[in-house]
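# A closer look at the structure
Spelled out, the chains give:
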Amino acid sequence: MTQTQIRARYGVGIWGLAGAAFGLVFFLGGGAATYAEDSIRMGIASVIIAVGFVSYFSMIYLTREKSNGKALIRDERDLEIARQANEITLVAVLGFIFAVCIGLFLAYETAGSLPVGWMWFLAYATSCFGLLAQAVATLAAHRKMSDNG
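Below, the structure is looked at part by part.

Here is what the cut-offs are and how they apply
Residues numbered from 1 in each chain as written. Predicted model: local features only at pLDDT ≥ 70, side-chain atom pairs only at ≥ 80, totals over all residues. Heavy atoms only, no water. Helix = DSSP H or I, 4+ residues; strand = E, 2+ residues; numbered from the N terminus. Buried < 20%, exposed > 50% of the residue type's maximum accessible area, 1.4 Å probe, protein only. Contact = heavy atoms within 4.5 Å. Areas by Shrake-Rupley, 256 points an atom, 1.4 Å probe, with all protein chains shown as cover. Lys, Arg positive; Asp, Glu negative; His and termini not counted. Charge placed at Lys NZ, Arg CZ, Asp CG, Glu CD. Polar contact = N/O pair within 3.5 Å; in protein donor to acceptor, adjacent residues only side chain to side chain. Phe/Tyr/Trp six-rings, centres within 6.5 Å; stacked < 30°, edge-to-face > 60°. Salt bridge = Lys/Arg side-chain N within 4 Å of Asp/Glu carboxyl O.

## A word on the overall build of the chain
- Each helix and strand in the chain was counted, giving five helices and zero strands.
- Counted from the first residue to the last, the chain has its helices and strands arranged as α-α-α-α-α.
- Taking the principal axes of the C-alpha coordinates as reference, the chain spans close to 60 × 30 × 20 Å.
- Taken over 149 residues, the chain has a buried fraction of 34%.
- Restricting the contact set of the chain to residue pairs at least 6 apart, pairs at least 24 apart contribute 78%.
- Carbon and sulfur atoms provide 68% of the accessible area of the chain, an area that totals close to 8900 Å².
- Taking the average location of the 11 positive side-chain charges in the chain and that of its 10 negative ones, the two points are 10 Å from each other.

Spelled out as structure tokens, the structure:
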């Protein structure tokens, strides 16, 4: 298994858990309408996202090339896989943000205002979704490239 695959698999686990945990904290306490007023939920969500980033950067550090000569497997395909995954991720994140914004507009158009909790949701969810999408796209591109020989 290559370094790229290892990092992508851990990325799926880290950001899948972080995103799910954030979603639970956000929606199970009253959703966007009460999120900005609930400092406990905001604190818990911040800790969840912070733990996600600390875990992710720790994983990146732990899967780096070692100075003891024990290098992780990495080949020329990994650069192409990373390029493809980044292109897919960009489109996925743009689509995600567009869909959420249009959905919020349609849901709150008649009210004339949007609960500020949705801005927190968009910020945190975009972080989780973007990094999760990158990991999934990496695994998909690796599988596709491996199937082609």
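## Focus on the side chain of Arg 41
- Tracing the chain through its elements places Arg 41 in helix H3 (residues 39-62).
- Within polar-contact distance, the side chain of Arg 41 engages the backbone oxygen of Gly 29 at 2.6 Å.
- Apart from the residues lying within four places of it in its own chain, the contact partners of Arg 41 are Val 25, Phe 26, Gly 29, Gly 30, Gly 31, Thr 34 and Tyr 35.

## A look at the packing of aromatic side chains
- Applying the stated criterion to the full structure yields 17 aromatic pairs.
- For the pair Phe 22 and Phe 26, a centre-to-centre distance of 5.7 Å together with 40 degrees between the ring planes defines the contact as tilted. A residue pair is termed a helical-turn pair when its members lie 3 or 4 positions apart in one helix, as Phe 22 and Phe 26 do in helix H1 (residues 3-27) at four residues. This pair shows no difference in class: Phe 22 is buried, exactly as Phe 26 is.
- Where Phe 53 meets Phe 57, the ring centres are 6.1 Å apart and the plane angle is 20 degrees; that geometry is what we call stacked. On the criterion of helical spacing, the pair formed by Phe 53 and Phe 57 is a turn pair, its members being four residues apart in helix H3.
- Phe 53 sits in the partly exposed class, given a relative accessible area of 28%.
- In textbook terms, an aromatic cluster arises when at least three aromatic residues are bridged by ring pairs, as seen for Phe 22, Phe 26, Phe 27, Tyr 35, Trp 118, Trp 120, Phe 121 and Tyr 124.

## Remarks on the environment of Leu 17
- Assignment of secondary structure puts Leu 17 in helix H1.
- In this structure, the C-alpha to C-alpha distance between Leu 17 and Cys 128, residues 111 residues apart in sequence, is 9.3 Å.

## Side note on the pattern of salt bridges
- Per the counting criterion, the structure on display carries three salt bridges.
- With its nearest N and O atoms 2.4 Å apart, the salt bridge here joins Arg 83 to Glu 80. Here Arg 83 pairs with Glu 80, and both are found in helix H4 (residues 76-108), just three residues apart, close to one helical turn.
- Several salt bridges share partner residues, and in doing so they unite Glu 80, Arg 83 and Glu 87 into one network.

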